[in-house]
Amino acid sequence: LPQLRAAFGLICSAAEYANAYENIISMDISALATHAGETQYTEFLNGCRQICKHALVVFFVHSVPSRQEEQLLDKLSQTIDSVKRLTVAPYTNEELCALTMKRLTDYGIVIDNASTFYHALLDLIPTLGIATMKEVSAVSSALASFADFSKQIPVISPSCLPSLHAQWQKEPERRPHR
């Protein structure tokens, strides 16, 4: 409760040229959802009602909200005039493939025969079960280990992808947990 009051106090004191803070505020409300019926829950809703009159507030919850998070979101909808629910669309396989290749080039690795590499990796993405940025990072790191570092500039070719697939299947502990 003291932290909640301090947070709302800090937001109110951040108003510079107006009587209220008028910028964007973001809050992860996942932990608060488990405290329904407590004083801090009611105080949070009242504080949000005041702040949302002037500021844009973005509330974050888990991608699949729990029952308590759903209840809190319903309460917020009843408390605040304008609430829009935004969902995050999952990445497409093409986006995941492009992100993986970008990560490799960010590492300074040159992709030999990029078009062939792209299409081979694109076919491999569903097999590897890549769906999140955390998994893109893990597969990019694993791919980087297959690059040829014998020259001044490291190079990776499509021929390493079957080895990645075999390694990925053998070592599930390297894969991030969702």
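Residues numbered from 1 in each chain as written. Predicted model: local features only at pLDDT ≥ 70, side-chain atom pairs only at ≥ 80, totals over all residues. Heavy atoms only, no water.

**Some words on the overall build of the chain**
Working step 1: When its secondary structure is counted, the chain shows seven helices and four strands.
Working step 2: If you list the helices and strands of the chain from N to C, you get α-β-α-β-α-α-β-α-α-β-α.
Working step 3: What you see for the chain is a C-alpha radius of gyration of 23 Å, clearly larger than the 16 Å of a compact globule of 178 residues, by over 25%.
Working step 4: Overall, the chain is about 60 × 40 × 25 Å in size when its C-alpha atoms are taken along their principal axes.
Working step 5: Contacts in the chain between residues far apart in sequence, at least 24 positions, make up 70% of those at least 6 positions apart.
Working step 6: Taken as a whole, the chain presents about 11400 Å² of accessible surface, with 54% of it coming from carbon and sulfur. (Helix = DSSP H or I, 4+ residues; strand = E, 2+ residues; numbered from the N terminus. Rg over C-alpha atoms; globule rule 2.2 N^0.38 Å. Contact = heavy atoms within 4.5 Å. Areas by Shrake-Rupley, 256 points an atom, 1.4 Å probe, with all protein chains shown as cover.)

**A word on helix 5 (residues 114-128)**
Working step 1: Its 15 residues place the ends of helix 5 20 Å apart at the C-alpha level, agreeing with the 21 Å of an ideal helix rising 1.5 Å per residue.
Working step 2: Taking the largest bend as the criterion, helix 5 deviates by roughly 25°, centred on Leu-122, and proline Pro-126 comes between one and four positions later.
Working step 3: For helix 5, the set of buried residues is Phe-117, Leu-121, Leu-122, Leu-124, Ile-125 and Leu-128.
Working step 4: Check the buried side of helix 5 and you find it contacts helix 4 (93-106), strand 3 (110-111), helix 6 (133-144), strand 4 (155-156) and helix 7 (161-170).
Working step 5: Following helix 5 by one or two positions, Gly-129 has its phi on the positive side, about 75°. (Expected span 1.5 Å × (residues − 1). Bend = angle between axes of the 7 residues up to and from the residue. Buried < 20%, exposed > 50% of the residue type's maximum accessible area, 1.4 Å probe, protein only.)

**Looking at helix 3 (residues 67-79)**
Working step 1: Between its terminal C-alpha atoms helix 3 stretches 18 Å, which fits the 18 Å expected from 13 residues at 1.5 Å a residue.
Working step 2: Inspection of helix 3 places Glu-69, Leu-72, Leu-73, Leu-76 and Thr-79 among the buried residues, and these make up the whole buried set. What you see down the axis of helix 3 is that its buried residues fit within an arc of 120°, all on one side. Exposed positions of helix 3 whose direction lies more than 90 degrees from the buried face are Arg-67 and Gln-78. (Arc of directions from axis to C-beta.)

**Some remarks on the confidence of the model for the chain**
Working step 1: Looking at the chain as a whole, its pLDDT mean stands at 83, while 90% of the residues score no less than 70.
Working step 2: Across the chain, the element-wise mean pLDDT spans from 72 in helix 1 (residues 2-13) up to 96 in helix 4. (pLDDT = per-residue confidence, 0-100.)

**A word on the side chain of Thr-79**
Working step 1: Looking at the element boundaries, Thr-79 is found in helix 3.
Working step 2: Separated by 2.7 Å, the side chain of Thr-79 and the backbone oxygen of Lys-75 make a polar contact.
Working step 3: Not counting residues within four places of it along the chain, the set of residues in contact with Thr-79 comprises Leu-45 and Arg-49. (Polar contact = N/O pair within 3.5 Å; in protein donor to acceptor, adjacent residues only side chain to side chain.)

**Digging into the side chain of Ser-30**
Working step 1: On the secondary structure map, Ser-30 appears in the loop between strand 1 (24-28) and helix 2 (39-51).
Working step 2: A distance of 2.8 Å separates polar atoms of two side chains, one belonging to Ser-30 and the other to Asp-28.
Working step 3: If sequence neighbours within four positions are ignored, Ser-30 has contacts with Phe-60, Val-61, His-62 and Glu-69.

**Considering the nonpolar core**
Considering soluble globular proteins, one finds that nonpolar side chains tend to be buried as a cluster.
Working step 1: Among the nonpolar cores identified, the biggest contains 25 residues, and Phe-117, Leu-143 and Leu-164 are the most heavily contacted of them.
Working step 2: Not counting residues up to four positions away in its chain, the partners in contact with Leu-164 are Leu-124, Leu-128, Val-139, Ala-142, Leu-143 and Phe-146.
Working step 3: Ranked by size, the runner-up nonpolar core spans 19 residues in total, among them Phe-8, Ile-11, Leu-32 and Ala-55. (Core = buried A, V, L, I, M, F, W, Y, C linked by side-chain atoms within 4.5 Å.)

**Concerning the pairing of strand 1**
Side-chain positions along a regular strand alternate between the two faces of the sheet.
Working step 1: Burial along strand 1 is one-sided: Ile-25 and Met-27 are buried, while Ile-24, Ser-26 and Asp-28, pointing the other way, are not.
Working step 2: Bridge count between strand 1 and strand 2 (residues 56-60): five bridges; the pairing is parallel. The partner of Asp-28 across the bridge, within strand 2, is Phe-60.
Working step 3: At this point the chain moves from strand 1, through helix 2, to the parallel strand 2, and the crossover so formed is right-handed. (Pairing = 2+ DSSP bridges. Right-handed = clockwise from strand over helix to strand, strands pointing away.)

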